[in-house]
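A closer look at the structure
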Amino acid sequence: MSVPSSPASSARPPEGFTPTGTIAAHTDRRRVVFATVVGTTVEWYDFFIYAQAAGLVFGALFFAPAGEDFAQIVAFLSVGLSFLFRPLGAFLAGHLGDRYGRRMVLMITLVLMGAATTLVGLLPTYAAIGVAAPILLLFLRILQGISAGGEWGGAVLMAVEHAPKHKRGLFGASPQIGVPLGMLLASGVMAIMTVVAPGDQFLEWGWRVPFLLSIVLILVGHYVRRRVEESPVFAEIAERREHTRMPIVKLFRRHLLLVVIAALVFAGNNAVGYMTTGGYIQGYATNPEGPIGLERGPVLWAAAAASVVWLASTWFAGWVSDRIGRRTTYVIGWIVLLPAIFALFPLVSLASVGTLTLALCLLAVGLGLTYGPQAALYAELFPASIRFSGVSISYAIGAILGGAFAPTIAQAIVQTTGSTTGVTWYLTGMVLLGLIATLLLRDRSGIPLGPDHEAEQAVSPLVGARRG
């Protein structure tokens, strides 16, 4: 039986096509959504648990010889280090994903992330093995960065390429909500451990438990992902034997400027997001020698509450982008994010868990609106034959420009100036950069994603570029 050549050939495709065709069956779509949520939740739990620990304990346990002031900066630098290796993960995953399939890459990245995270939980501290401790910690963080660089693109394309065209934003939000779910899980587990192992016990062994739990989560994620069929778009490319031999070369030769603009869209969101996911606000609010001095547990629960708001706004943004367009949803999100940034530190400085929670929740609304549509936006920007490379590399570069060193920059600004005002202006500049980049893109909501429409997909979506 012949099948339609594109997953977007009609607003409501007929049921009954197998996953190896261009239209996935409805039951398989639900399985894909579940698998992408579970898989990305596990991946980002692993990634964020490191950032939480960097803000709370790694300065004292691994980087103490750097001195009291500089140890915390180095701990945050170790968070950013992984971002420098995301492009390597994106290049490797993009090449493999465009040539051999999305599903295989997702299995590899899940296992790599889980192994690295579990080993962090077993790592001796500086007091036990000296300089080898921070070196090994940085090596394991690099492995996390490589995994994260390849994970996102595969999860996004599995979700969006299985979706009917009128629900791509909603389906694409499924891997996106895995990020706040991972943050919620990481914050919740860390908060529980501050109760189970209070005070010095948390420094001695309590912080290790969340890392060791990763092995259980990885087994769950691996089982779920094994049951998901390959993306129908890639399955059709493979069936036709139309793989691009060097997808990354083709991407940079024809779409370099598009990659840069797409990366700047994410950079604006990521810089603000890493104030919490990168552990900066948690460290700033709990520093006993700082101006706030709150307890670890309540601050972690505040971050967990904000993650729930972030999750809800991310899902809503994906859903609403199917109705008003990706570009319009983003613009609204940037506008919402600006006042939240200016309210962040004044509310946190009131030294109340309630106002801290409010500040983080306000921030989470804007973050969700500028994150929920990203999967569908990116997938609709790039041609099918190089799509994995395009979305992965754009995401990885955006992460470096945005969140990689945002906590480090914030820490350095506060230590240099003695004020958080400079941090506010830094975040404002990043949001305005994201807004400008968004306005430079045409909305391509609903464009056909299948290989039959490669010529249409290859037309530049940049404002001012010729449409062909």
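The rules we used
- Residues numbered from 1 in each chain as written.
- Predicted model: local features only at pLDDT ≥ 70, side-chain atom pairs only at ≥ 80, totals over all residues.
- Heavy atoms only, no water.
- Phe/Tyr/Trp six-rings, centres within 6.5 Å; stacked < 30°, edge-to-face > 60°.
- Helix = DSSP H or I, 4+ residues; strand = E, 2+ residues; numbered from the N terminus.
- Buried < 20%, exposed > 50% of the residue type's maximum accessible area, 1.4 Å probe, protein only.
- 1 Å grid on protein atoms, 1.4 Å probe; cavity = no way out; pocket = protein on both sides within 12 Å on 5 of 7 lines; lining within 4 Å.
- Points joined across faces, edges and corners; volume = space filled by probe spheres on them.
- Nonpolar A, V, L, I, M, F, W, Y, C, P; charged D, E, K, R; others polar.
- Polar contact = N/O pair within 3.5 Å; in protein donor to acceptor, adjacent residues only side chain to side chain.
- Contact = heavy atoms within 4.5 Å.
- Core = buried A, V, L, I, M, F, W, Y, C linked by side-chain atoms within 4.5 Å.
- pLDDT = per-residue confidence, 0-100.

As for the packing of aromatic side chains
In this description, a pair of aromatic rings is defined by centroid distance and the angle of the planes. Counted under the stated rule, the structure contains 22 aromatic pairs. Consider the rings of F266 and Y371, whose centres lie 6.2 Å apart with planes at 25°: the pair is stacked. On the criterion of sequence distance, the pair formed by F266 in helix α12 (residues 247-273) and Y371 in the loop between α16 (353-369) and α17 (374-379) is long-range, its members being 105 residues apart. Assigned by exposure class, F266 and Y371 land together as buried.

With respect to the layout of surface pockets
Looking at the largest pocket, its volume works out to about 960 Å³. Lining the largest pocket are 34 residues, with Q72, G283, N287, P288 and E289 sitting closest to its centre. Breaking the lining of the largest pocket down by element, the ones donating at least two residues are α1 (26-62), α2 (68-84), α13 (280-286) and α19 (406-417). For the lining of the largest pocket, the element with the most residues is α1, which contributes six residues. In terms of residue class, the lining of the largest pocket is made up of 14 nonpolar, 15 polar and five charged.

What to know about unusual backbone geometry
Of note in the backbone geometry, A351 takes a positive phi value of approximately 55° without being a glycine. Note that A351 resides in the loop between α15 (326-348) and α16. Accessibility expressed as a relative area gives 33% for A351, which makes it partly exposed.

Things to note about the side chain of T109
Considering the arrangement of structural elements, one finds T109 in helix α4 (residues 102-122). Of the residues examined, T109 reaches a relative accessible area of 6% and is grouped as buried. A distance of 3.1 Å separates polar atoms of two side chains, one belonging to T109 and the other to E151. Excluding anything up to four places from it in sequence, T109 contacts E43, S147, G150, E151 and R225.

Here we look at the nonpolar core
Judged by nonpolar contacts, the single largest core of 119 residues is most densely connected at F58, F62, W207, F211, Y280 and Y378. In terms of residue count, the dominant contributor to this core is α1 (14 residues). Once you skip the residues sitting within four places of it in the chain, F58 turns out to touch Y50, A53, F63, A75, V120, L137, W207 and F211.

A short note on the confidence of the model for the protein
Mean pLDDT over the protein stands at 85; residues scoring 70 or higher make up 91%. In the model of the protein, helix α11 (residues 232-240) stands out as the element of lowest mean pLDDT, 68, in contrast to helix α20 (residues 421-439), which has the highest, 97.

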